[in-house]
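Read off the chains here:
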Amino acid sequence: MGRDGRAATGAASTRRQALWAGLCLCCLPTLGRSAEGFSMDEVGPGIFVRRGPDTEATADNDDAIANTGFIVGDDAVMVTESGGSLADGAWLRSQIVQRTDKPIRYVVLTHVHPDHCFGAGAFLQDRPTFVGHHALTSALESRGEFYRGRLVEILGAEKTGPVVHPTMTVADTAEIDLGGRTLRLTAHGVAHTNCDLSMLDTRSGILFPADLLFVTRIPSLDGSLVGWLKEADRLKATGAARAVPGHGPTLVDVTPAMADLTRYLATLRDETRKAVAGDVPIERAVASIGQSERGKWALFDTYHGRNVTQAYKELEWE
């Protein structure tokens, strides 16, 4: 179980969650057409990961766009990412039960973004501990229903699922034992979001940084640019050689992957600071900053302008 900064919240599900838990998952809609190309990679002994495509949520993909997976210990299973919708979570759960009859005791909600936490409803019937950053509850209270409404518009209510809150929160560090396999969890400062949680599997040495590490898909800044660079250094200091990123290939070498991420973030920081110092209006800054990164990331045009806007708002008050 957890230690140090862990603060356990109430374990009882809300009435709404309990109602969802009573659903028969065999009656759920199947995952969209994109599921035909999905498979689980065993990136380490007992560690299975599905790569999400570098796209946005659509009715065809059921918001199955993030890397999701699970870890099998001697006694229990941990879901490392729940998926982007009830349908996506149900697909992931089907993959688990095909491979092991060990109980699903933990579901990690790495941060507030819907592509990482809206699959949680598919696991309510297992009555696991839902693990999250200490700031995740308030983030879900603030954004959860908005995100759910947007997903309903795209996927329909029957595929979207409920907002599920953590029942165990991590304020600093914690450890979870799956039986002969210990996961070390770290609650990060404001970075990609204000509620980022990472994990290290001590058996394999594989790092699970979630969306603190994007590979091939452009990083999405929803927290603090300066903070993200700080937390990137913290991740590098773990000494892990391999990682499962939140988006990108299912297993990457940490050094080059982090180098690409920090190059983009540092370029964003340095050029935004220069624009602020030169009194460049934010509208012009969005069109000019970081253009050397174009062509190096999927979805650049979708997210880069937002990242510049977020960076400008943060750095103009330094």
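Residues numbered from 1 in each chain as written. Predicted model: local features only at pLDDT ≥ 70, side-chain atom pairs only at ≥ 80, totals over all residues. Heavy atoms only, no water.

**Some words on the overall build of the protein**
Turning to step 1, where the next piece is worked out: From N to C terminus, the protein includes nine helices and 14 strands.
Turning to step 2, where the next piece is worked out: Residues classed as buried in the protein amount to 56% of the 318 residues present.
Turning to step 3, where the next piece is worked out: Pairs at least 24 residues apart make up 71% of the contacts formed inside the protein by residues separated by at least 6 positions.
Turning to step 4, where the next piece is worked out: Summed over all atoms, the accessible surface of the protein reaches about 12900 Å², with 50% contributed by carbon and sulfur. (Helix = DSSP H or I, 4+ residues; strand = E, 2+ residues; numbered from the N terminus. Buried < 20%, exposed > 50% of the residue type's maximum accessible area, 1.4 Å probe, protein only. Contact = heavy atoms within 4.5 Å. Areas by Shrake-Rupley, 256 points an atom, 1.4 Å probe, with all protein chains shown as cover.)

**Quick notes on the sheet that holds strand S13 (residues 242-247)**
Turning to step 1, where the next piece is worked out: Here six strands make up an open sheet; going across it, the order is S9-S10-S11-S12-S13-S14 and the pairing mixed. Each edge of the open sheet is held by one strand with a lone partner, namely strand S9 (173-177) and strand S14 (252-253).
Turning to step 2, where the next piece is worked out: Bridge analysis of strand S10 (residues 182-187) against strand S11 (residues 197-201) gives five bridges, and the strand direction is antiparallel. Bridge pairing in S11 links Leu 185 to Met 199. (Pairing = 2+ DSSP bridges.)

**Quick look at helix H2 (residues 86-99)**
Turning to step 1, where the next piece is worked out: Given a rise of 1.5 Å per residue, 14 residues ought to cover 20 Å, and the 20 Å separating the end C-alpha atoms of H2 matches this to within 8%.
Turning to step 2, where the next piece is worked out: Summarising burial for H2: 10 of the 14 residues are buried, a large majority.
Turning to step 3, where the next piece is worked out: Within H2, burial applies to Leu 86, Ala 87, Asp 88, Gly 89, Ala 90, Trp 91, Leu 92, Arg 93, Gln 95 and Ile 96. (Expected span 1.5 Å × (residues − 1).)

**Description of the nonpolar core**
Turning to step 1, where the next piece is worked out: Leu 213, Leu 225, Trp 228, Met 258, Leu 265, Leu 268 and Ala 285 are the most contacted members of the largest nonpolar core, which has 35 residues in total.
Turning to step 2, where the next piece is worked out: Broken down by secondary-structure element, the contributors of at least two residues to this core are strand S12 (207-214), helix H6 (225-236), helix H7 (254-277) and helix H9 (300-315).
Turning to step 3, where the next piece is worked out: In contact with Leu 265, not counting residues within four places along its chain, are Leu 225, Trp 228 and Leu 229.
Turning to step 4, where the next piece is worked out: Core analysis: the second largest hydrophobic core is formed by 34 residues, Phe 48, Ala 135, Ala 139 and Tyr 147 among them. (Core = buried A, V, L, I, M, F, W, Y, C linked by side-chain atoms within 4.5 Å.)

**So, H6**
Turning to step 1, where the next piece is worked out: Taking 1.5 Å per residue as the helical rise, H6 with its 12 residues ought to reach 16 Å, and the 17 Å between its terminal C-alpha atoms agrees with that figure.
Turning to step 2, where the next piece is worked out: What H6 keeps buried is the set Leu 225, Gly 227, Trp 228, Leu 229, Glu 231, Ala 232 and Leu 235.
Turning to step 3, where the next piece is worked out: On its buried side, H6 packs onto S11, S12, H7 and H9.

**Notes on the packing of aromatic side chains**
Turning to step 1, where the next piece is worked out: This structure, assessed with the given rule, holds five aromatic pairs.
Turning to step 2, where the next piece is worked out: On the numbers, 5.9 Å between centres and 70° between planes, the contact of Tyr 264 with Trp 297 is edge-to-face. Placement of Tyr 264 in helix H7 and of Trp 297 in the loop between helix H8 (282-288) and H9 is noted, with a sequence separation of 33 residues between them.
Turning to step 3, where the next piece is worked out: For Tyr 264, a relative accessible area of 1% translates into the label buried.
Turning to step 4, where the next piece is worked out: Positioned above the aromatic ring of Phe 38 is the side chain of Arg 50, whose terminal nitrogen or guanidinium carbon lies 4.5 Å from the ring centre.
Turning to step 5, where the next piece is worked out: Taking NZ or CZ as reference, Arg 306 lies 4.9 Å from the ring centre of Tyr 303, over its face. (Phe/Tyr/Trp six-rings, centres within 6.5 Å; stacked < 30°, edge-to-face > 60°. Lys NZ or Arg CZ within 6 Å of the ring centre and 35° of its normal.)

**Quick look at the pattern of salt bridges**
Turning to step 1, where the next piece is worked out: Within the structure shown, the criterion is met by 17 salt bridges.
Turning to step 2, where the next piece is worked out: One salt bridge connects Asp 88 with Arg 50, and the closest N-O pair in it is separated by 2.9 Å. You can see Asp 88 sitting in helix H2 and its partner Arg 50 sitting in strand S3 (residues 47-50), a full 38 residues away along the chain. This pair shows no difference in class: Asp 88 is buried, exactly as Arg 50 is.
Turning to step 3, where the next piece is worked out: We note a salt bridge from Arg 234 to Glu 231, for which the minimum N-O separation is 3.3 Å. Placement of both Arg 234 and Glu 231 in helix H6 is noted, with a separation of three residues, approximately one turn of the helix.
Turning to step 4, where the next piece is worked out: Given the relative accessible area of 6%, Glu 231 is considered buried. (Salt bridge = Lys/Arg side-chain N within 4 Å of Asp/Glu carboxyl O.)

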